[in-house]
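So the chains spell out like this:
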Amino acid sequence: AQRVTQPEKLLSVFKGAPVELKCNYSYSGSPELFWYVQYSRQRLQLLLRHISRESIKGFTADLNKGETSFHLKKPFAQEEDSAMYYCALNGGSEKLVFGKGTKLTVNP
Amino acid sequence: DVKVTQSSRYLVKRTGEKVFLECVQDMDHENMFWYRQDPGLGLRLIYFSYDVKMKEKGDIPEGYSVSREKKERFSLILESASTNQTSMYLCASSFSGYGTEAFFGQGTRLTVV
């Protein structure tokens, strides 16, 4: 079964502080992993995917197959990063499953 | 720009009504999805479709059905709406294949009274 766990519902940091949003997954094969973001009053959109291995808006995420994790990190949070973040998994069946999400608030 | 358009932004329906939520995408995507989004529960997959007339159940299909008669359109049907189906419904679409991005609609806020 495919499952995504985001252990933190809420995360609050100050501007300029590092931020890490945790994501663990359960899947026996080779997963495709994504981070999606939803800013206030906007539609859900892709932030980054593990196969790209790129940094988007200063965010990076590394797939750790040993720990079955795909944590999202940014060294210096900005106020505009405040949003809802969802980790998602595609287990190869085209079925895209999401975690419960983490609401990030970056305080001035 | 990829467009995924949901027919209504807000809907209010009565208990027991049959409700249709429509979604149209303009990028010739093979895959289409219906999710409901609830605070604290995240996005839960109701149904998805990987081709015309093909569908698979997601994690919470009970009380819902879907229809995909044309590639660009994916409909979610609540056969007999109930108050516990009050929620935000999100439609998404994507190409098949490894690592492809899903594009989302703006959402339909359904209230069942």
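Overview of the structure. (Residues numbered from 1 in each chain as written. Chains lettered and ligands numbered in written order. Predicted model: local features only at pLDDT ≥ 70, side-chain atom pairs only at ≥ 80, totals over all residues. Heavy atoms only, no water.)

**Brief notes about the packing of aromatic side chains**
Evaluation of the coordinates by the stated rule reveals 11 aromatic pairs over all chains. Ring centres of Tyr-36 of chain A and Phe-104 of chain B lie 5.8 Å apart, and the angle between their planes is 75 degrees; this geometry places the pair in the edge-to-face category. One end of the pair, Tyr-36 of chain A, is in strand β5 (residues 32-38); the other, Phe-104 of chain B, is in strand β10 (residues 103-104), on a second chain. For Tyr-36 of chain A, a relative accessible area of 0% gives the class buried. Considering the side-chain rings of Tyr-86 of chain A and Phe-98 of chain A, the 6.4 Å spacing of their centres and the 85 degrees angle between planes classify their relative orientation as edge-to-face. Residue Tyr-86 of chain A is located in strand β9 (residues 83-90), and its partner Phe-98 of chain A is located in strand β10 (residues 96-98); the two are separated by 12 residues in the primary sequence. Each member of the pair, Tyr-86 of chain A as well as Phe-98 of chain A, is classed as buried. Cluster of aromatic residues (ring-pair linked, three or more members): Phe-34, Tyr-36, Tyr-86 and Phe-98 of chain A together with Phe-33, Tyr-35, Phe-48 and Phe-104 of chain B. (Phe/Tyr/Trp six-rings, centres within 6.5 Å; stacked < 30°, edge-to-face > 60°. Helix = DSSP H or I, 4+ residues; strand = E, 2+ residues; numbered from the N terminus. Buried < 20%, exposed > 50% of the residue type's maximum accessible area, 1.4 Å probe, protein only.)

**Describing the pairing of strand β3 (residues 19-25) of chain B**
All names here are of chain B. Only one face of β3 is buried, namely the one carrying Val-19, Leu-21, Cys-23 and Gln-25, since none of Phe-20, Glu-22 and Val-24 on the opposite face is buried. Two elements, strand β1 (residues 4-6) and β3, share three bridges in a ladder whose sense is antiparallel. Within β3, the residue paired with Gln-6 across the bridge is Cys-23. (Pairing = 2+ DSSP bridges.)

**Overview of the environment of Leu-46 of chain A**
With respect to the secondary-structure elements, Leu-46 of chain A resides in strand β6 (residues 45-49). With a relative accessible area of 14%, Leu-46 of chain A lands in the buried category. Through-space distance from the C-alpha of Leu-46 of chain A to that of Cys-87 of chain A is 10.0 Å; in sequence the pair is 41 residues apart. Residues in contact with Leu-46 of chain A, not counting those within four places in the same chain, are Phe-34, Trp-35 and Tyr-36 of chain A together with Glu-101 of chain B. (Contact = heavy atoms within 4.5 Å.)

**Details of the interface of chain A and chain B**
Taken residue by residue, the interface counts 22 residues in chain A and 23 residues in chain B. Both faces combined, the contact of chain A with chain B buries some 2000 Å², and carbon together with sulfur accounts for 52% of it. Ranking the residues of chain A by area buried against chain B places Arg-43, Glu-94 and Lys-95 of chain A at the top, with a combined share of 30%. Applying the counting rule to chain A against chain B returns two salt bridges. Two residues, Asp-59 of chain B and Lys-95 of chain A, come together in a salt bridge whose shortest N-O distance is 3.5 Å. At the junction of chain A and chain B, the tally comes to seven residue pairs in polar contact (both at pLDDT 80 or more). Elements represented by at least two residues in the side of chain A that touches chain B include exactly β5, β6 and β10 of chain A. It is β5 of chain A that contributes the most residues to the side of chain A that touches chain B, four residues altogether. The residue inventory of the side of chain A that touches chain B, partitioned by class, reads 10 nonpolar, five polar and seven charged. (Buried area = accessible area lost by both parts, 1.4 Å probe. Salt bridge = Lys/Arg side-chain N within 4 Å of Asp/Glu carboxyl O. Polar contact = N/O pair within 3.5 Å; in protein donor to acceptor, adjacent residues only side chain to side chain. Nonpolar A, V, L, I, M, F, W, Y, C, P; charged D, E, K, R; others polar.)

**Structural notes on the side chain of Thr-108 of chain B**
Residues and elements named next belong to chain B. Within the secondary structure, Thr-108 is located in strand β11 (residues 108-112). On the basis of relative accessibility, which here comes to 1%, the residue Thr-108 falls in the buried class. Among residues more than four places away in sequence, those in contact with Thr-108 are Gln-6, Ser-8, Arg-9, Leu-11, Leu-21, Ser-87, Met-88 and Tyr-89.

**A look at the sheet that holds β1 of chain B**
Residue and element names in this part refer to chain B. Sheet architecture is open: four strands sit in the order β1-β3-β8-β7, paired in antiparallel fashion. Every interior strand has two partners, whereas the edge strands, β1 and β7 (64-70), have only one. Averaged over neighbouring strand pairs, the angle between their axes works out to 20 degrees when direction is ignored. (Axes fitted to C-alpha atoms, helices over the stretch in contact; angles between N-to-C directions.)

**Brief notes about the nonpolar core**
Core analysis: the largest hydrophobic core is formed by 24 residues, its most contacted members being Trp-35, Leu-72 and Tyr-85 of chain A. It is β9 of chain A that provides the largest number of residues to this core, a total of four residues. Of all hydrophobic cores here, the second largest spans 20 residues; its members include Leu-21, Cys-23, Leu-78 and Cys-91 of chain B. (Core = buried A, V, L, I, M, F, W, Y, C linked by side-chain atoms within 4.5 Å.)

**Looking at the side chain of Gln-38 of chain A**
By the secondary structure assignment, Gln-38 of chain A is in strand β5. Separated by 3.2 Å, the side chain of Gln-38 of chain A and the backbone oxygen of Gln-42 of chain A make a polar contact. Setting aside its immediate chain neighbours within four residues, Gln-38 of chain A contacts Arg-43, Leu-44, Ala-83, Met-84 and Tyr-86 of chain A together with Gln-37 of chain B.

Nothing here speaks to function; it is geometry throughout.
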